[in-house]
Amino acid sequence: MSNTLVWLKRDLRLHDHAPLHAAHAAQCEAAALFVIEPAWLHSAEFSPSHLHFTLQGLAQLRRELAARGLPLLVRVGEVPAVLQQLRAEWPFERLLSHEETGSGWTFARDIAVARWCQAQGVAWQEFAQTGVVRRLRSRQGWAGRWAQRMDAAALPAPGAFRAARPWPASSLPDLPTLHRLGVPAPTQALQPAGEAAARATLQDFVAGRGRGYRRALSSPLSAESGCSRLSAYLAFGMVSMRAVHQATEAAIASTPDRALAHGLRGFAGRLRWHCHFMQKLEDEPQIEFRNFARVFDGLRPGCGTPLDDTHAARLQAWCEGRTGYPMVDACMRSLRATGWLNFRMRAMLVSFAAYHLGLHWREPGLHLARQFLDFEPGIHWSQMQMQSGTTGINTLRIYSPAKQAREHDPEGEFVRRWVPEFGTPDYPAPIVDEKSALKAIKDRLYGLRATPEARAEADAVQQRHGSRKSGLPPSGMKRGSAGPRGNSTQARTTARTAKPAEPSPQGELF
Ligand SMILES: Cc1cc2nc3c(=O)[nH]c(=O)nc-3n(C[C@H](O)[C@H](O)[C@H](O)COP(=O)(O)OP(=O)(O)OC[C@H]3O[C@@H](n4cnc5c(N)ncnc54)[C@H](O)[C@@H]3O)c2cc1C
């Protein structure tokens, strides 16, 4: 039987882990590997919090795997070079891993790994771990495929392995530290890492905490404990999407508590969104760098075009939480301190950067990627574009920070907590005049959206990426605005030039 190497990436768990399961089933000599890649450490999306969370997860997983006789090697370097070196120490013939829908640097690395495997005669097998479908031809039927995958039996934790001869699982060198890797300690107070914490968080949510989910998710005060807080665990694969889905459905089916079931049903819908948004990056990796609808290229400075002094100062003030808009600043400061923020406030931060400050989404998106412990490229870049109005097919959603404060922090508690100097001379004046800033950007956006090129492009974006479950007809028209077949020119024009809508409770699909 072939020696088998399991390559771990964002899948740091024992349960429901297809590559580990396959290596165990083969009863061959096996080892597991995690590579700390310089391309990651040097990427603009990387933060010390991400590495800290990873190392903590690895430490736990290594103990669990060692108890089963499987050595988990942690090496630093570019993956093909690390594989080459390992192969000289131990001739493995099979490489098993999960598929990854990641940033551009992971895409490039996977191409290099595929080439290396081909040249070396190593068979690389990849397994799906979310609802994202590789080489998807059409979005038709996607939701059904998602359900099929998520309802399939979850894999149990594997039993005992036959360790690769050179590396007894019980006597491996210590994991590298942040210090040794030249990475500073994180400044954020993070949630605990690892599969045990992920499973405990899930259990606690489906057993009771999810009861108030729908009510709690909009305010940054209540969302902190009212949302599931599973996003970082999902992003690093410390729990599988299937495990979360199945625990949720089981709780809905068995609980006599109707309020809990109601809350969990709302939550269950969001789990589909996770994969729905990731699928967009899988299908079109360029959306990390450029607009879904190219007609908006050049609309705002940034991403290739240098920022002038005014916009550079705006970006800096936004990143530091000192824009003079207290709700915006409170959200940014809270995020910087904790690594997490609820959906609505994330959307407000981005809307403010795009519409009030007139910034392209790329630089603000990189800043947020570094702040979010749960950075998940497929969700992140799709949402950055959606909240900036560059998908071409969504109703523009412009958040008023004052209205968000009135509705979701009516007593000013959140603002006082994070912006204690608000109301004193130390707090800056608003960095832009809201009314004139919004008028200028809206005039330009609506002008562009009304052009024939924009309409043609919107149809193409909707066809390729649009949700078939959102109720949007294929041409991206406003729901319910068109005739029976949903294809009148007038309706299309209305949808794409209509005045901005009030933000929906938790965003929408596109
Ligand atoms: C600009 C912007 C950037 C974002 N970037 C990320 C990101 O990098 N990583 C990330 O996981 N989420 C991202 N989100 C989506 C959402 O804000 C987070 O998933 C959510 O706040 C995480 O907290 P939770 O796990 O407690 O969420 P819950 O409300 O408990 O939801 C459970 C899970 O459902 C999924 N989910 C919930 N809302 C969404 C959504 N709107 N879109 C897609 N999936 C969703 C997530 O996997 C989440 O963990 C972003 C949203 C915006 C507006």
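Counting of residues starts from 1 at the beginning of each chain's written sequence and follows it residue by residue. Totals for whole chains, interfaces and linings use every residue, but because this is a predicted model, local features are given only for residues with pLDDT of at least 70 and side-chain atom pairs only at 80 or more, for both listing and counting. Just so you know, side-chain values use all the structure's heavy atoms and leave hydrogens and water out.

## Let's talk about the packing of aromatic side chains
At step 1: Between 30 and 60 degrees the pair is tilted, below 30 it is stacked and above 60 it is edge-to-face, where a pair is any two Phe, Tyr or Trp rings, Trp via its six-membered ring, whose centres lie within 6.5 Å. Summed over all chains, the structure comprises 13 aromatic pairs.
At step 2: For the pair Trp 361 and Trp 381, a centre-to-centre distance of 5.8 Å together with 55 degrees between the ring planes defines the contact as tilted. Pair noted here: Trp 361 is in the loop between α15 (343-356) and α16 (362-371) and Trp 381 is in helix α17 (residues 377-388), with a separation of 20 residues, a long-range link. Side by side, Trp 361 and Trp 381 carry an identical accessibility label, which is buried.
At step 3: Their ring planes at 85 degrees and their centres at 5.4 Å tell us that Phe 422 and Tyr 427 sit as a pair that is edge-to-face.
At step 4: Clustering of aromatic rings is evident, with ring pairs tying together Trp 90, Phe 92, Trp 116 and Trp 167.
At step 5: Any Lys NZ or Arg CZ found within 6 Å of a ring centre and within 35 degrees of that ring's normal is scored as a charge over the ring. Above the face of the Phe 236 ring, Arg 10 is positioned so that its terminal group lies 5.1 Å from the ring centre.
At step 6: Positioned above the aromatic ring of Trp 273 is the side chain of Arg 270, whose terminal nitrogen or guanidinium carbon lies 5.2 Å from the ring centre. Secondary structure elements are taken from DSSP: a helix is a run of H or I of four residues or more, a strand is a run of E of two residues or more, and numbering for both begins at the N terminus. Buried residues are those whose accessible area, probed at 1.4 Å on protein chains only, stays under 20% of the maximum for their type, while exposed residues exceed 50% and partly exposed ones sit between those limits.

## Looking at the confidence of the model for the chain
At step 1: Known as pLDDT, the predictor's per-residue confidence is scaled from 0 to 100. Confidence along the chain averages 91 in pLDDT terms, with 91% of residues attaining 70 or more.
At step 2: Across residues 470-498, confidence stays below pLDDT 50; counting only partners more than four residues off in sequence or on other chains, it has 47 contacts.
At step 3: Note on definitions: a residue-residue contact is assigned when non-hydrogen atoms from the two residues lie within 4.5 Å. Note that residues 501-506 has pLDDT below 50 and, in this model, 20 contacts with residues that lie over four places away or in other chains.

## Here we look at the site of the ligand
At step 1: One heavy atom suffices: a residue is near a molecule or strand as soon as one of its heavy atoms comes within 4 Å of it. Every one of the 28 residues lining the ligand counts as a neighbour, but Tyr 213, Ser 228, Arg 229, Asp 374 and Glu 376 are closest to it.
At step 2: Here a polar contact means two N or O atoms within 3.5 Å. Within protein one must be a hydrogen donor candidate and the other an acceptor candidate, and residues neighboring in sequence count only if both atoms are side-chain atoms. With respect to the ligand, the side chain of Trp 340 contributes an N or O atom lying 3.0 Å from an oxygen atom.
At step 3: In this structure, Glu 376 approaches the ligand through a main-chain N or O atom, which is 2.9 Å from an oxygen atom.
At step 4: The pocket occupied by the ligand, as judged from atoms lying within 2 Å of grid points, is the largest cavity.
At step 5: Those elements giving two or more residues to the shell around the ligand turn out to be α10 (231-235), α12 (258-283), α15 and α17.
At step 6: Residue classes follow a fixed rule: Ala, Val, Leu, Ile, Met, Phe, Trp, Tyr, Cys and Pro count as nonpolar, while Asp, Glu, Lys and Arg count as charged, and any other residue, Gly among them, counts as polar. Tallied by class, the residues present in the shell around the ligand amount to 17 nonpolar, 6 polar and 5 charged. Definitions used for this entry: grid spacing 1 Å over protein atoms alone; cavity, a set of points where a 1.4 Å probe fits but cannot get out; pocket, an open set with protein on both sides within 12 Å along at least 5 of 7 lines; lining residue, one with an atom within 4 Å of a point. The way we define it, a molecule is inside a pocket or cavity when more than half of its atoms are within 2 Å of that pocket's grid points.

## Details of the pattern of salt bridges
At step 1: Whenever Lys or Arg places a side-chain nitrogen within 4 Å of a carboxyl oxygen from Asp or Glu, that contact is recorded as a salt bridge. Summed over the entire model, instances satisfying the criterion amount to 23 salt bridges.
At step 2: A salt bridge links Glu 376 to Arg 10; the nearest nitrogen and oxygen atoms lie 3.8 Å apart. Here Glu 376, found in the loop between α16 and α17, pairs with Arg 10, found in the loop between β1 (4-8) and α1 (18-26); they are 366 residues apart in sequence, far enough to count as distant.
At step 3: Among the salt bridges present, the one from Arg 322 reaches Glu 320, with a minimum N-O distance of 2.6 Å.

## Quick look at the nonpolar core
The nonpolar side chains of soluble globular proteins are, as a tendency, buried together.
At step 1: To form a nonpolar core, buried Ala, Val, Leu, Ile, Met, Phe, Trp, Tyr and Cys residues must be joined to one another through side-chain atoms within 4.5 Å. Core analysis: the largest hydrophobic core is formed by 68 residues, its most contacted members being Leu 51 and Leu 72.
At step 2: Two domains each donate at least three residues to this core, and these are domain 1 (4-129) and domain 2 (195-283).
At step 3: In contact with Leu 72, not counting residues within four places along its chain, are Leu 8, Ala 32, Leu 33, Phe 34, Leu 58, Leu 61, Arg 62, Leu 65 and Leu 172. These domain boundaries are the output of an automatic or database domain assignment.

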